[in-house]
Amino acid sequence: MSETFTTQEPLHPGGVDGGVGLTALLVAAARAIETHRHDSLAQDVHAEHFVRAAAASAEWPVRIGQVPEGDDNPLWGRFARYFGLRTRVLDDFVLGSVHDGARQVVLLGAGLDTRAFRLDLPSDCVVFEIDRAGVLAFKQRVLTVLSAAPRTKRVPVPVDLREDWVTALTSTGFDPAAPSVWLAEGLLFYLPGAAETYLVDTVDRLTTGGSALAFEAKLEKDLLAYRDSAIYTATREQIGIDLLDLFDLGPRPDSAGRLTARGWSTSMHTPFDFTRRHGRGPLPEPNDALEGNRWVFAHKPGP
């Protein structure tokens, strides 16, 4: 119940009150809206509590009925539906990988992800959540108030991905010799190209056969070409988040090709592929900021 939080959480450096951390609240609001839809693709009962608990987002909608234009609103309609679709697709990817034998789930830039609480994961599965300490601390405060209990073992790993996150991860029990599934959801386009390459190479180094990785990429050579798109404009004007100021605007590496060259099997899809598969979600439109988005799924062959 949103009234649980009578006062909003104080702002903490490195938390969710600004910069990329604020985008975690945007995605949580989108998941809340998706949760309350009659044709929901993904359920996250915790999402609206994160939104209400932070001063920056306390007045944002958590149901599409709270938006005067409803689904015609580019931010809370189309963009939120995109995040809802992405949540469902990556949920399915994690569950499929666990069904195939992975027992370690690593969330890179976990943000306000609640898969350890939402998904029907086996009891011997471990979910590692890597993000900055301020983000994880905010999330934990909200979850504690809700008395939320994970469905499987959950291990927060408070470290910035620009620091030595490998040592932080392996020191909390991650086993490189056991199959794992990794998500980089809404992460890589905030990183410089060299940092993305390092991250992908490190995942390759830390995974054994039977492991899997899913990540989101952007293919546009010039992201600023879509500066006046409906999605970016609405996000700037309605909630003050300028995504193009947060994205790294330099050249992007071919991470999918890099994994393929190292023996991984990879597939790349547009979000619209899954809109058509599920019968709901965004479809292409003119001057579309989603046009260059790709979802990449990679599997490392077993022995």
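Up top is the structure these notes are about.
Residues numbered from 1 in each chain as written. Predicted model: local features only at pLDDT ≥ 70, side-chain atom pairs only at ≥ 80, totals over all residues. Heavy atoms only, no water.

1. Concerning the overall build of the chain
Then comes step 1: Per the secondary structure count, the chain includes 11 helices and seven strands.
Then comes step 2: Compactness check: the chain gives a C-alpha radius of gyration of 18 Å against a globular reference of 19 Å for 303 residues, within 12% of the reference.
Then comes step 3: Its C-alpha atoms give the chain principal-axis dimensions of about 55 × 45 × 35 Å.
Then comes step 4: Across the 303 residues that make up the chain, the buried fraction comes to 57%.
Then comes step 5: Restricting to contacts in the chain with at least 6 residues of sequence separation, those with at least 24 account for 77%. (Helix = DSSP H or I, 4+ residues; strand = E, 2+ residues; numbered from the N terminus. Rg over C-alpha atoms; globule rule 2.2 N^0.38 Å. Buried < 20%, exposed > 50% of the residue type's maximum accessible area, 1.4 Å probe, protein only. Contact = heavy atoms within 4.5 Å.)

2. So, the packing of aromatic side chains
Then comes step 1: Within the structure shown, the criterion is met by 16 aromatic pairs.
Then comes step 2: Their ring planes at 55° and their centres at 5.3 Å tell us that Tyr190 and Phe247 sit as a pair that is tilted. Pair noted here: Tyr190 is in the loop between β4 (180-184) and α7 (193-206) and Phe247 is in the loop between α9 (243-246) and α10 (255-261), with a separation of 57 residues, a long-range link.
Then comes step 3: Judged by relative accessible area, Phe247 falls into the buried class, the value being 7%.
Then comes step 4: Summarising the aromatic geometry, the rings of Phe274 and Phe297 are spaced 6.0 Å apart at their centres and angled 65° between planes, so their arrangement reads as edge-to-face. (Phe/Tyr/Trp six-rings, centres within 6.5 Å; stacked < 30°, edge-to-face > 60°.)

3. Concerning the sheet that holds strand β6 (residues 265-269)
Then comes step 1: The strand order across the open sheet built from seven strands is β3-β2-β1-β4-β5-β7-β6, with neighbouring strands paired in mixed fashion. The two strands at the open ends of the sheet, each matched to only one other strand, are β3 (153-158) and β6. Each adjacent strand pair in this sheet contributes to an overall mean axis angle of 15°, direction not counted.
Then comes step 2: Summarising the sheet, β4 and strand β5 (residues 212-218) pair through four bridges and their orientation is parallel. Along β5, the bridge assignment pairs Val181 with Ala212.
Then comes step 3: Relative to strand β7 (residues 293-299), helix α3 (residues 74-99) is tilted by about 5°, and along the sheet it contacts β1 (104-108), β4, β5 and β7.
Then comes step 4: Where helix α11 (residues 271-278) meets the sheet, its contacts fall on β6 and β7, and the angle it forms with β7 comes to roughly 85°. (Pairing = 2+ DSSP bridges. Axes fitted to C-alpha atoms, helices over the stretch in contact; angles between N-to-C directions.)

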